[in-house]
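Structural overview
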Amino acid sequence: MTDTDLRAALGVAPEPDFELDLPPGWARHRPDQAQQDAMLAGIRTRAMQAHRPELLAQANGMLRDSFEMMRRGDVVAFFTPSEQSEDTLWAPASMLASVRRAQPDVSLDDVVRHAIRELGATALDDARRIVRFERDQLETVGEESLRVLTVVYLTPMPGTQRRKALQLTATIGRPLDMDADDPAIDGLRLLFDACASTLRWVRPAA
């Protein structure tokens, strides 16, 4: 039984859904088994076409770990370039949408205050409905190391009395010798800021 089914069975109002304007060629996906299987099938096809079957096992493990991490992290959607078109914006970046829940001893307002005080969070725009902050860190994928810039957007979910928030997390990978303020990285920052600013709430699907 899904979380939506459980809420309906208990007579609890479903969480609001949302929409975003996305970069050209990007699409929204659910972190479910069907999507995982579809992505693995695509990887299998490309690996066979490249005559590199040894890459399939490695990619399968990374994909499985990624989807498991998303499920544990209350991720409700992820966004990636998906359309095979010359207009698609292919970039070493992606974005996740997850639900942050208040804890008995830590409210979401506490989370925001900590982000402002410790992480330099600021309002995304004049409406002040979305708080934005960044993290930059070194990560290792397989035998390769890279820098990953994470941009987080946090906003309360309507109808939840500020007990739940939607968190959009954009990740941008770059080589070790590329600065975080490089114009290419700064352009992706502005792109994700623009996407987050288009957030609009919609009624959840039945």
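This part is about the packing of aromatic side chains. A complete count under the given rule lists three aromatic pairs for this structure. Relative to Phe192, the ring of Trp26 lies with its centre 5.9 Å away and its plane at 70 degrees, an arrangement referred to as edge-to-face. Here Phe192 lies in helix α5 (residues 183–197) and Trp26 lies in strand β2 (residues 26–29), a separation of 166 residues in the sequence. Taking relative accessible area as the criterion, Phe192 reaches 1% and is therefore assigned buried. Taking the ring centre of Phe18 as reference, the NZ or CZ of Arg28 above it sits at 4.4 Å.

Reading across the sheet, the seven strands line up as β2-β3-β4-β8-β7-β6-β5 and stay open at both edges, with antiparallel pairing between neighbours. What marks the edges here is a single partner per strand, and that holds for β2 and β5 (122–123). Across the sheet, α5 lies against β2, β4 (93–101), β6 (131–141), β7 (144–156) and β8 (164–174), angled at about 160 degrees from β8, the strand it touches most.

On to the pattern of salt bridges, then. Overall, the coordinates contain 18 salt bridges when judged by the stated rule. The shortest N-O distance in the salt bridge between Arg28 and Asp17 comes to 3.0 Å. Linking Arg28 in strand β2 with Asp17 in strand β1 (residues 17–19), this pair joins segments that are 11 residues apart in sequence. On the basis of relative accessibility, which here comes to 38%, the residue Arg28 falls in the partly exposed class. The partner of Arg132 in a salt bridge is Asp193, and the shortest N-O contact between them spans 2.7 Å. Here Arg132 is found in strand β6, whereas its partner Asp193 is found in helix α5, with 61 residues between them in sequence. Each of the two residues, Arg132 as well as Asp193, counts as buried.

So, on to the environment of Leu146. Looking at the element boundaries, Leu146 is found in strand β7. Note on Leu146: relative accessible area 24%, which makes it partly exposed. Distance from Leu146 to Leu40, taken between C-alpha atoms, is 24 Å for residues 106 residues apart in sequence.

As a further point, take unusual backbone geometry. Note on backbone geometry: most residues besides glycine have negative phi, and most peptide bonds are trans. If you check the backbone angles, Asp74 has positive phi at about 60 degrees while not being a glycine. Looking at where Asp74 falls in the secondary structure, it is placed in the loop between α3 (54–72) and β3 (75–81). Asp74 sits in the partly exposed class, given a relative accessible area of 35%. Despite not being glycine, Arg162 has its phi angle at roughly 60 degrees, a positive value.

The buried fraction of β3 is high, at six of seven residues. Relative to β3, β2 runs antiparallel, the two being bridged by four bridges. Bridging from a neighbouring strand, Ala27 pairs with Thr80 of β3.

This brings us to the packing of helix α2 (residues 33–49) against α3. At a minimum axis separation of 10 Å, α2 and α3 run at an interaxial angle of 160 degrees. The orientation of α2 relative to α3 falls into the category roughly antiparallel. Note on packing geometry: the crossing formed by α2 with α3 is right-handed. Contacts between α2 and α3 involve Gln33, Gln35, Gln36, Met39, Leu40, Ile43 and Arg44 on the former and, on the latter, Leu56, Ala59, Asn60, Leu63, Arg64, Phe67 and Arg71.

With respect to the element layout, Ala77 can be found in strand β3. In this structure Ala77 comes out as buried when scored by relative accessible area, which is 0%. Setting aside its immediate chain neighbours within four residues, Ala77 contacts Arg28, His29, Pro31, Met95, Leu96 and Ala97.

The rules behind each value
Residues numbered from 1 in each chain as written. Predicted model: local features only at pLDDT ≥ 70, side-chain atom pairs only at ≥ 80, totals over all residues. Heavy atoms only, no water. Phe/Tyr/Trp six-rings, centres within 6.5 Å; stacked < 30°, edge-to-face > 60°. Helix = DSSP H or I, 4+ residues; strand = E, 2+ residues; numbered from the N terminus. Buried < 20%, exposed > 50% of the residue type's maximum accessible area, 1.4 Å probe, protein only. Lys NZ or Arg CZ within 6 Å of the ring centre and 35° of its normal. Pairing = 2+ DSSP bridges. Contact = heavy atoms within 4.5 Å. Axes fitted to C-alpha atoms, helices over the stretch in contact; angles between N-to-C directions. Salt bridge = Lys/Arg side-chain N within 4 Å of Asp/Glu carboxyl O. Parallel < 35°, antiparallel > 145°, perpendicular 65-115°, else oblique. Left-handed = near helix turned anticlockwise from the far one by under 90°.

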